[in-house]
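# Secondary and tertiary structure notes
Now for the letters of each chain:
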Amino acid sequence: MAKVLLLNGSAKSNGCTATALQEMAQVFEKEGIESEIINVGNKNIRGCIACGKCEELGKCVFDDLVNEVAPKFEEADGLVVGSPVYYASPNGTILSFMDRLFYSTSFSKHLKVGAAVVSARRGGNSASFDVLNKYFSISGMPIATSTYWNQVHGFTADDVRKDLEGLQTMRNLARNMAFMIKAFADAKEKYGEPEVERSFFTSFSDGK
Ligand SMILES: Cc1cc2nc3c(=O)[nH]c(=O)nc-3n(C[C@H](O)[C@H](O)[C@H](O)COP(=O)(O)O)c2cc1C
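In this text, all values refer to a predicted model and were calculated from it rather than measured experimentally.

### A word on the overall build of the chain
- A tally of regular secondary structure across the chain gives seven helices and six strands.
- Traced from its N-terminal end to its C-terminal end, the chain shows the element sequence β-α-β-α-α-β-β-α-β-α-β-α-α.
- Taken over the C-alpha trace, the chain has a radius of gyration of 17 Å; the compact-globule value for 208 residues is 17 Å, and the two agree within 12%.
- Dimensions of the chain, computed from C-alpha atoms along their principal axes, come out at roughly 55 × 40 × 30 Å.
- Across the 208 residues in the chain, those meeting the buried criterion constitute 47%.
- Considering only contacts within the chain whose residues lie at least 6 apart along the sequence, 77% involve residues at least 24 apart.

### Quick notes on the packing of helix 1 (residues 16-30) against helix 7 (residues 164-191)
- Where helix 1 meets helix 7, the axes come as close as 8 Å, and the angle between the chain directions of the two elements is 40°. By the angle between their directions, the pair helix 1 and helix 7 is classed as oblique. Handedness of the crossing formed by helix 1 with helix 7: right-handed. Between helix 1, through Ala 20, Glu 23, Met 24, Val 27 and Phe 28, and helix 7, the contact on the second element is made entirely by Leu 167, Met 170, Arg 171, Leu 173, Ala 174, Arg 175, Met 177 and Ala 178.
- Across the contact of helix 1 with helix 7, the residue classes tally to 10 nonpolar, no polar and three charged.

### Points about the side chain of Thr 169
- Checked against the element boundaries, Thr 169 lands in helix 7.
- On the accessibility criterion, Thr 169 (1% relative accessible area) is buried.

### Side note on the site of the ligand
- The environment of the ligand is formed by 17 residues, the closest being Ser 10, Thr 17, Val 85, Ser 119 and Arg 122.
- The backbone of Tyr 87 places a nitrogen or oxygen atom 3.0 Å from a nitrogen atom of the ligand.
- One nitrogen or oxygen atom from the main chain of Gly 123 is found 2.8 Å from a nitrogen atom belonging to the ligand.
- Here the ligand has 650 Å² of accessible area as a free molecule, and 77% of this is covered by the chains.
- Those elements that provide at least two residues to the shell around the ligand are helix 1, strand 3 (78-86) and strand 5 (113-120).
- In terms of residues, the shell around the ligand owes the most to one element, strand 3, which gives three residues.
- Within the shell around the ligand, the residues separate by chemical class into eight nonpolar, six polar and three charged.

### Some points on the packing of aromatic side chains
- Applying the stated criterion across every chain, the model contains five aromatic pairs.
- Residues Phe 73 and Phe 107 carry aromatic rings whose centres are separated by 5.4 Å and whose planes lie at 80° to one another, so their mutual orientation is edge-to-face. You can see Phe 73 sitting in helix 3 (residues 65-75) and its partner Phe 107 sitting in the loop between helix 4 (92-104) and strand 5, a full 34 residues away along the chain. Take Phe 73 and Phe 107: they sit in the same class, and that class is buried.
- Here the aromatic rings of Tyr 148 and Trp 149 are separated by 5.6 Å at their centres, their planes lie at 70°, and the arrangement is edge-to-face.
- The structure contains a cluster of three or more aromatic residues connected by ring pairs, namely Phe 73, Phe 102, Phe 107, Tyr 135 and Phe 136.

### So, a nonpolar patch on the surface
- A surface patch of nonpolar side chains, about 240 Å² in accessible area, is lined by Ile 49, Leu 57 and Val 61.
- Following the sequence through the fold, Leu 57 ends up in helix 2 (residues 53-57).
- Residue Leu 57 is classed as partly exposed on the basis of its relative accessible area of 45%.

### A short note on the pattern of salt bridges
- As enumerated under the stated definition, the model contains eight salt bridges in all.
- One salt bridge connects Lys 3 with Glu 34, and the closest N-O pair in it is separated by 3.8 Å. Taken together, the residues span a long stretch of sequence, with Lys 3 in strand 1 (residues 3-8) and Glu 34 in strand 2 (residues 34-39) at a distance of 31 residues.
- Overall, Glu 34 belongs to the partly exposed group, its relative accessible area being 37%.
- Note that Glu 23 is salt-bridged to Arg 171, the shortest N-O span being 2.8 Å. Placement of Glu 23 in helix 1 and of Arg 171 in helix 7 is noted, with a sequence separation of 148 residues between them.
- Overall, Glu 23 belongs to the buried group, its relative accessible area being 17%.
- Connected via shared salt-bridge partners are Lys 3, Glu 34, Glu 36 and Lys 72.

Definitions and cut-offs
Residues numbered from 1 in each chain as written. Predicted model: local features only at pLDDT ≥ 70, side-chain atom pairs only at ≥ 80, totals over all residues. Heavy atoms only, no water. Helix = DSSP H or I, 4+ residues; strand = E, 2+ residues; numbered from the N terminus. Rg over C-alpha atoms; globule rule 2.2 N^0.38 Å. Buried < 20%, exposed > 50% of the residue type's maximum accessible area, 1.4 Å probe, protein only. Contact = heavy atoms within 4.5 Å. Axes fitted to C-alpha atoms, helices over the stretch in contact; angles between N-to-C directions. Parallel < 35°, antiparallel > 145°, perpendicular 65-115°, else oblique. Left-handed = near helix turned anticlockwise from the far one by under 90°. Nonpolar A, V, L, I, M, F, W, Y, C, P; charged D, E, K, R; others polar. Near = heavy atom within 4 Å. Polar contact = N/O pair within 3.5 Å; in protein donor to acceptor, adjacent residues only side chain to side chain. Areas by Shrake-Rupley, 256 points an atom, 1.4 Å probe, with all protein chains shown as cover. Phe/Tyr/Trp six-rings, centres within 6.5 Å; stacked < 30°, edge-to-face > 60°. Patch = residues over 30% accessible without salt bridge, like charges linked within 9 Å, V, L, I, M, F, W, Y side chains within 5 Å. Salt bridge = Lys/Arg side-chain N within 4 Å of Asp/Glu carboxyl O.

Below, the structure written as structure tokens:
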């Protein structure tokens, strides 16, 4: 069965971001896709220290939720990252988590479907949305979209429940994501996977 992981960057496991992700999870269930919401924002997650040990160990040197989620991400067909907006950016905990999750894992993320979800009381959603989508767009992950940028508005979960368009956006997003996951599975059977070249890693003009 196809599976989607939903990361909640908020410290509140039943706050605004969680409400948006729960709306998506209900659609995944109807679509026959397994889903799991993982609370990230209530954990003590430090940032990447660029030690490069992950290349040797195959996992992050800090043995926390990042290393627990990594094998689940490898198995998953889709990843949703949700974050509250803090000063017009995703919150610090989810950024630390995403930096370390993506940097410390060498498995292919190619063709896993990604989606970013943001929650703000009032402003900074689209800037935050752009930041989160960058993890997918550098990783060969097709990005699912919806009928608006993937955002809800509120200060409390009750506010979000009143944001009917925001919740509609979440349901449409989950349906589109489910469709993409199913379509890619069929397409892989029919056409195989596109070739991915990885010979070059150019940092300087002499190629070294
Ligand atoms: C440190 C901090 C910074 C915030 N910055 C913003 C902001 O820039 N724009 C905004 O609309 N809301 C801002 N908020 C409000 C939250 O983004 C908003 O209430 C969000 O929906 C909370 O989601 P949650 O319940 O999932 O944590 C901020 C909240 C905190 C704690």
